[in-house]
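# Residue-level structural notes
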Amino acid sequence: MGEVAAEEERKQSLIFAINGERYELSESDIDPSITLLEFLRYRTPFKSVKLGCGEGGCGACIVLLSKYDPVLDRVEDSTVSSCLTLVCSLNGCSITTAEGVGNSKDGFHPIQERFVGFHASQCGFCTPGMCVSMFSALVNAEKRNRSKPRPGFSNLTVSEAEKAIAGNLCRCTGYRPIADACKSFAADVDMEDLGYNSFWKKGESDEEKMSRLPKYNRNSSSPKFPEFLKKEIKAGADLTSKGYHWYSPSSIEKLQSILKNIEANDGTSMKIVVGNTGTGYYKEVEHYDNYIDLKYIPELSTIVKDQTGIEIGAAVTISKAIEVLEQENVSDSPVENKTVFKKIAEHMEKIASGFVRNSGSVGGNLMMVQRKQFPSDIATILLPVDAIVNLMVGQKLEKLTLEDFLGRPPLDSRAILLSIKIPVWELTKDISSETDTMFLFETYRAAARPLGNALPYLNAAFLAKVSFCRNSTGAILNTCRLSFGAFASKHPVRARNVEEFLIGKVLSVGLMYEAVKLLETTVIPKDGISHSAYKSSLAVGFLFEFLSPLINAPDQISGGLCDGDNCYMLKDSSKIKENNYKLNGTKFPTLLSSSKQNIQSSDEYRPVGQPVTKVGATIQASGEAVFVDDIPAPGNCLYGAFVYSTEPLARVKSITFKSESPPVGITALICVKDIPGKNLGCTSVFGEEPLYADEFAQFAGDRIAFVVADTQKHADLAANLAVIDYDKENISPPILTVEEAVERGSFFQVPFAKPEQVGDFSEGMAEADRQILSAEIKLGSQYYFYMETQTALAVPDEDNSMVVYTSTQCPQIAQETIAQCLGLPANNIRVITRRLGGGFGGKSLRAVSVATACAVAAYKLQRPVRVYVNRKTDMIMAGGRHPMKITYSVGFKDSGKITALKLDILIDAGIFPDVSIVMPGAIVGSLKKYDWGALSFDIKLCKTNLPSRSAMRGPGEVQAAFIAEAIIEHVASTLSIEVDTVRSINLHTYNSLGLFYKSAAGEPSEYTLPAVWDKLATSSSFHQRIEMIEEFNRSNKWRKRGISRVPVLQEVTVRPTPAKVSILRDGSIAVEVGGVDMGQGLWTKVKQVAAYGLGLIKRGGTEELLEKVRVIQSDTLSLIQGGFTGGSTTSESSCEAVRLCCNVLVERLTALKEQLMEQTGTLEWETLILQAYQTSVNLSASTLFIPEFTSMQYLNYGAAVSEVEVNLLTGETTILRSDIIYDCGQSLNPAVDLGQIEGAYVQGIGFFMFEEYPTSSNGLVTTNGTWSYKVPTLDTIPKQFNVEILNSGHHQKRVLSSKASGEPPLTLAVSVHCATRAAIAEARRQLGLWNRVDDSNSRAFQLEVPAVMPVVKERCGFDSVQKFLQWTMGTK
Ligand SMILES: Cc1cc2nc3c(=O)[nH]c(=O)nc-3n(C[C@H](O)[C@H](O)[C@H](O)COP(=O)(O)OP(=O)(O)OC[C@H]3O[C@@H](n4cnc5c(N)ncnc54)[C@H](O)[C@@H]3O)c2cc1C
Ligand code: FES
Ligand code: FES
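The sections below set out a description of the structure shown in this document. Every value quoted in this text rests on a predicted model; they were computed, and no experiment measured them.

## Points about the overall build of the chain
A count of helices and strands for the chain gives 44 helices and 45 strands. The C-alpha radius of gyration computed for the chain amounts to 32 Å, which stays within 12% of the reference 34 Å derived for 1372 residues, consistent with globular compactness. By its C-alpha atoms, the chain is 105 × 95 × 80 Å across when sized along the principal axes. Restricting to contacts in the chain with at least 6 residues of sequence separation, those with at least 24 account for 78%. Here the chain contributes 141 positively and 156 negatively charged side chains, and the mean placements of these two sets differ by 1 Å.

## A closer look at the site of ligand 1
Lining the immediate surroundings of ligand 1 are 35 residues, of which Ile-272, Thr-277, Gly-278, Ser-361 and Asp-377 lie closest. Within the backbone of Gly-275, an N or O atom sits 2.8 Å from an oxygen atom of ligand 1. About the coverage of ligand 1: the protein hides 96% of its 980 Å² of free accessible area. Counting residues per element, the shell around ligand 1 draws most heavily on helix α16 (residues 362–372), at five residues. Tallied by class, the residues present in the shell around ligand 1 amount to 20 nonpolar, eleven polar and four charged.

## Examining the packing of helix α4 (residues 110–117) against helix α5 (residues 127–143)
The axes of two packed helices give the description: the angle between them and the distance between them. One can describe the packing of α4 onto α5 by two numbers: an axis separation of 10 Å at closest approach and a directional angle of 130 degrees. Here α5 runs oblique to α4, going by the angle between their axes. In this structure, α4 crosses over α5, and the sense of that crossing is right-handed. Contacts between α4 and α5 involve Ile-111, Gln-112 and Phe-115 from the former and Thr-127, Met-130, Cys-131, Met-134, Phe-135 and Leu-138 from the latter. Partitioning the contact of α4 with α5 into residue classes produces seven nonpolar, two polar and no charged.

## Quick look at the side chain of His-119
By the element assignment, His-119 lies in the loop between α4 and α5. What His-119 contacts, discounting residues up to four positions off in sequence, is Pro-177, Tyr-196, Asn-197, Ser-198, Pro-611, Val-612, Thr-613 and Ala-1231.

## As for empty space enclosed by the protein
With the rule as written, the count across this model stands at eight cavities of 30 Å³ or more. Put simply, the largest cavity is a space of about 120 Å³. His-119, Ser-121, Gln-122, Lys-614 and Val-1232 are, among the 13 residues lining the largest cavity, the residues nearest its centre. The dominant element in the lining of the largest cavity, judged by the number of residues it contributes, is helix α40 (residues 1230–1250), at four residues. Taken together, the residues that form the lining of the largest cavity break down as four nonpolar, eight polar and one charged.

## Observations concerning the sheet that holds strand β13 (residues 396–401)
Taken together, five strands build an open sheet; the order of strands is β10-β11-β14-β12-β13 and the sheet is antiparallel. Since the sheet does not close on itself, it has two edges, and those belong to β10 (303–306) and β13, each with one partner. Ignoring strand direction, the axes of neighbouring strands in this sheet form an average angle of 20 degrees. By the bridge criterion, five bridges tie strand β11 (residues 309–313) to strand β14 (residues 415–423) in an arrangement that is antiparallel. Paired with Glu-311 across the strands is Lys-421, a residue of β14. Taken strand by strand, α16 contacts β11 and β14, and its axis lies near 110 degrees from that of β14.

Here is what the cut-offs are and how they apply
What you see as residue numbers is a count from 1 along each chain, following the sequence as written. Each chain gets a letter, beginning with A, and each ligand a number, beginning with 1, in the order they are written. Local features in this predicted model are restricted to residues whose pLDDT is 70 or higher, and side-chain atom pairs enter the listing and the counts only when it is 80 or higher, whereas totals over whole chains, interfaces and linings include all residues. In computing side-chain properties, one takes all heavy atoms of the structure into account and sets aside hydrogens as well as water. Secondary structure elements follow DSSP: runs of H or I no shorter than four residues count as helices, runs of E no shorter than two count as strands, and numbering proceeds from the N terminus. Radius of gyration: C-alpha atoms only; globule rule: 2.2 Å multiplied by the number of residues to the exponent 0.38. The contact rule is simple, with two residues in contact once any of their heavy atoms fall within 4.5 Å. Charge assignment in this entry is limited to Lys and Arg as positive and Asp and Glu as negative, and neither His nor the chain termini are counted. Working definition for charges: the position is that of NZ of Lys, CZ of Arg, CG of Asp or CD of Glu. The near set for a molecule or strand comprises every residue that places at least one heavy atom within 4 Å of it. Contacts described as polar in this section are N or O atom pairs within 3.5 Å, which, within protein, must combine one atom able to donate a hydrogen with one able to accept it, while residues neighboring in sequence count only if both atoms come from side chains. Surface accessibility follows the Shrake-Rupley procedure with a 1.4 Å probe radius. Residue values consider only the protein chains on display as shielding. Each residue receives one of three labels: charged for Asp, Glu, Lys and Arg, nonpolar for Ala, Val, Leu, Ile, Met, Phe, Trp, Tyr, Cys and Pro, and polar for the others, Gly being one of them. Helix axes use the C-alpha atoms of the stretch in contact, all axes being lines fitted to C-alpha atoms, and the angles between their N-to-C directions lie in the range 0 to 180 degrees. Here the angle decides the label: under 35 degrees means roughly parallel, over 145 means roughly antiparallel, 65 to 115 means roughly perpendicular, and every other value means oblique. Here a crossing is taken to be left-handed if its near helix is turned anticlockwise relative to the far helix by less than a right angle, and right-handed if that turn runs clockwise. Only protein atoms enter the 1 Å grid used here. Points where a 1.4 Å probe fits but cannot escape make up a cavity, open sets with protein on both sides within 12 Å along at least five of seven lines make up a pocket, and a residue lines them when an atom lies within 4 Å of a point. Grid points are joined across faces, edges and corners, and a volume is the space filled by probe spheres set on the points. For two strands to be treated as a pair, DSSP must find at least two bridges joining them.

Encoded structure:
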């Protein structure tokens, strides 16, 4: 065979490596639309890549992609999101997944081991992605030419280690331990800064600490690029398969010829591909006939630098562009150039996250703006620097300005962007020698997350050449380019009228005011877009920030325009930079800077009380831990996807599909008529809900049918194509608000668990000096954002039985529901749950219907059926936290002592009862944290045509924490006294505690809140910091700080829970418990208690027993009465049930033990057990732990202090520091409890500050992915995060003296909201001054939840810049 023929043949297949193994796919094997994630999960054993979002927004699917450059004989390694990367683009690449980084067979990598020891994995769903991100950072750091690090450390810096994981989401840990695990590799880390871990003890030297860390060897940690790939692969693949074509042209000419051929084949569709990350946003579902990968065309993949500028090939990745632009900063090019390149690179680093930038191209980004109006950063920042675009349309090459390129009508799919050129910038010599000149270039973006992974609300870039006349005091703009983008115009625009207005004039406050007014009429977001006023105000803020350092402020304006500085003529650009720096408020690091954990562990019940690492954490880190969707598909398995209603209330006439022929791969469409038994999606003590809509869809998101197909992708595609024919005739309008529910008397009854009023409200009001009457608060919802969405697998078995694997917090309820739905006895249904990728309440009852849908389909089709609900559908159907409307009246003394509180609360429960009837009790239980004097309430559960709201971590309690603090704040602002004083005055005494909580109050010694409250004031330097903040606020105009201390007092209930402990012949121990491990460490605590309990037989050696215990998955036919996991107490009650079982076993073994001791003088566990087997001692014990009625409820205490800084120009809130003290009684496992406290707190930050979960006017959830739903990331948690776990000693009625930690700390995050409110109050006081109005109203305002940037900015004044300028002019 000739060489050419051989080359041709080679190109007909796709060759790559996964974890060193060779994969060759022949043409017939390939669908060009298949992503790497699909390939890995469905066609290889490597399941560590998790599907968290499918849109590049979470990092759960990250792999390391290595490419070999034969010319330079160099390997490039970078992370990419496998959910967006197309397999066909991987010819010749080597892929490393978390299993490839380290695994149980070949040994774990120190990254994985350190994750375990730092307790950085809870549910473990995000952990493989985190480890791969860190691995990539290490691999790349080791390639850098830096001075040799200390032995045992890497070349990485602390900041690089943190940035490595900044784009990865974790919903469990709160990030601190993950950051610590990563930082432990950094050459410049201070060991003192590394948080609580299982490696070393407090007080050990740095050397000792280092020696205890799993060893890191710099040389052996790189992935080895397989030699066979180096030899085999020289180019991209050209493939033809099943009518699809994948081309990888290696020159422009070849590209032209391919395009020509495709054009000749009229009607065939085509897609240009580079990184394919665009599909993360546009969610393309269609298949194309032709795919053309541009990466192999040299002109498109290189960056060329010359005297005239830098030309970036369109297929160059954003990461590569950043790298090259940064290098320019150290070159000898003119300073203006350096400024431009440096700023562009800095800005680009905030685009998406590292793993998207590593594959996303600059050209792809610009084409997305050009064709589809994508809110790009790159287009905005390249606009003012006069970037030039090289375009190829057909055979024609064109050179045009970026502005013209963007302004053209959308180019057709055959137009190819070749390159973008950033021209050289230098100060021209046309400015007379009488002047000093300066070049300025700045870029701006306001986004929910400072480090990116969030699209900007608005971005901007300004370029100016400024001259300062030596004889006068003014600065004149000679050149001015102002570009604004992402504000819903078609594409970024230059504000030309403002530019023209400013050019040639001496800058002054007055001129700036006029410019700002003009700008307001220029950057006007499209009608109907969200946050339009906010976006306008951002534009003004950015311009002000850019220009104000140039203005010669009059002396009488204290501090000048720039905070705290004499703003004289600023001819020195470094001075301007410094002033900008002050203005922007970026003085603190963007990431977690320090943290302290103070933990008192106890030895009383060893190994209980020890920071034992999480069960299964290593296999979670390597991705070998098996989640439901990782269970290999049984032969013949089908996949399902829900078809849901988009109408809130309508008759469903029919379901058809958009396509003419039935969608590909579809097997069945299951709906209500296919249910053999009762139409039940869930049945529990709280009520029932149907599985499928029967005649009527009752809310947008209601399950109407379940499409079953041969793959998950086909099922999802088919569900997308479903068209529901609705009929709304003669149907009364849906109820979409609580007010409508009240009007129409639509409520759920609360048959039990009704909370009781305290005292007499009228008497309390009569005692009051002042009253606030009928004030209103509204609270929205929150989505669970478990990283693993709802999932289940149902496998029909013999004799009408069924095994259902589901990710649920309540397997027993799933079993009962499925049985009734199928019309079978419950013993036919075995529900198995091993682990959850996060639950947070969302996998309680909400998961049951998903499992039931699979079971019904599997039963009908008599084939296994599974589902992994996609993120969008999950978000639409989930329901989430209960929104509510609260009206309160409160009476209080002039001292701030509250005497009476009355609340009318309307809870939006959605359409079905779910667990909503527990809400009134939960709300009141947490609301009573203050002594209100008398407490009266009327709480209504409104039934609306909205998704059923369910329990979400701290259900009702979080809302109550907010309501309580909002009332306290309101009282304080009315009285104009310090809010902390009002809080302190109204904290319970032990007497009032008893009045409000009855027996749950416990013994006086157990009431630790007052001590915690005072201790926290000292440990957080609360009072000193108040003074420092006052000083800060006096000297800073555009940044204000606030601080707040809040308590938590939360009631929890211990429920009956079963357990079974079995000792096997070899001495190993199997434990089954009612509780499910969803990341909260339940299994770990259970394991410790089992070792402790059985250890009582022989005193000592419990560590050895610990190794012998295995907690096994929940199986509803093996252990019954499991109930549900939730309410923070399932860990302790499971532990207690296990302890009771151990007591029984110890008792059974005691006689034998004594006999053995007598005979041999020693006691070996294995011998004892063997003897027990031989003498037929029953070595399996099970029990149902039933808590005593009088002590089943108890109170948890803690407090938090948070300090924040608000940027008045953008509304951004930075949490500077949070300090928490939390009483865990005697923690069963302080590492686990610390993880719960930190993780819950950060989830609370999400609720109070970031997570918007609204619906459209017809009730359909509108934030349905990572693009719009923003959970906290590493860059949004407190910069200093200090947690102390208080060991409050012996608690006789608690399980081994322990207390709960899962939910109460979440409510403490209200401290962040309150601190933000305090900072805003300062901003409003200042605004009052500028407005020349009395500031007494500045504190009387509501701050919505979540206090997202637009909300904060609005409260600080959308027009604060204008007001300030007017005021400045007035004081001249
Ligand atoms: C999670 C996430 C967050 C993001 N955040 C931001 C952000 O904050 N700011 C921001 O600006 N961007 C953001 N992006 C967008 C990102 O920059 C783009 O997705 C990326 O640059 C596109 O490059 P690509 O190579 O992957 O393009 P592809 O996805 O391969 O292509 C995108 C589109 O452009 C076409 N195309 C690509 N190259 C060419 C070419 N040379 N000629 C003609 N057509 C072409 C393709 O046909 C396709 O239609 C984000 C993306 C993701 C996934
Ligand atoms: S699943 Fe790929 S980034 Fe979320
Ligand atoms: S451990 Fe990170 S999402 Fe659960």
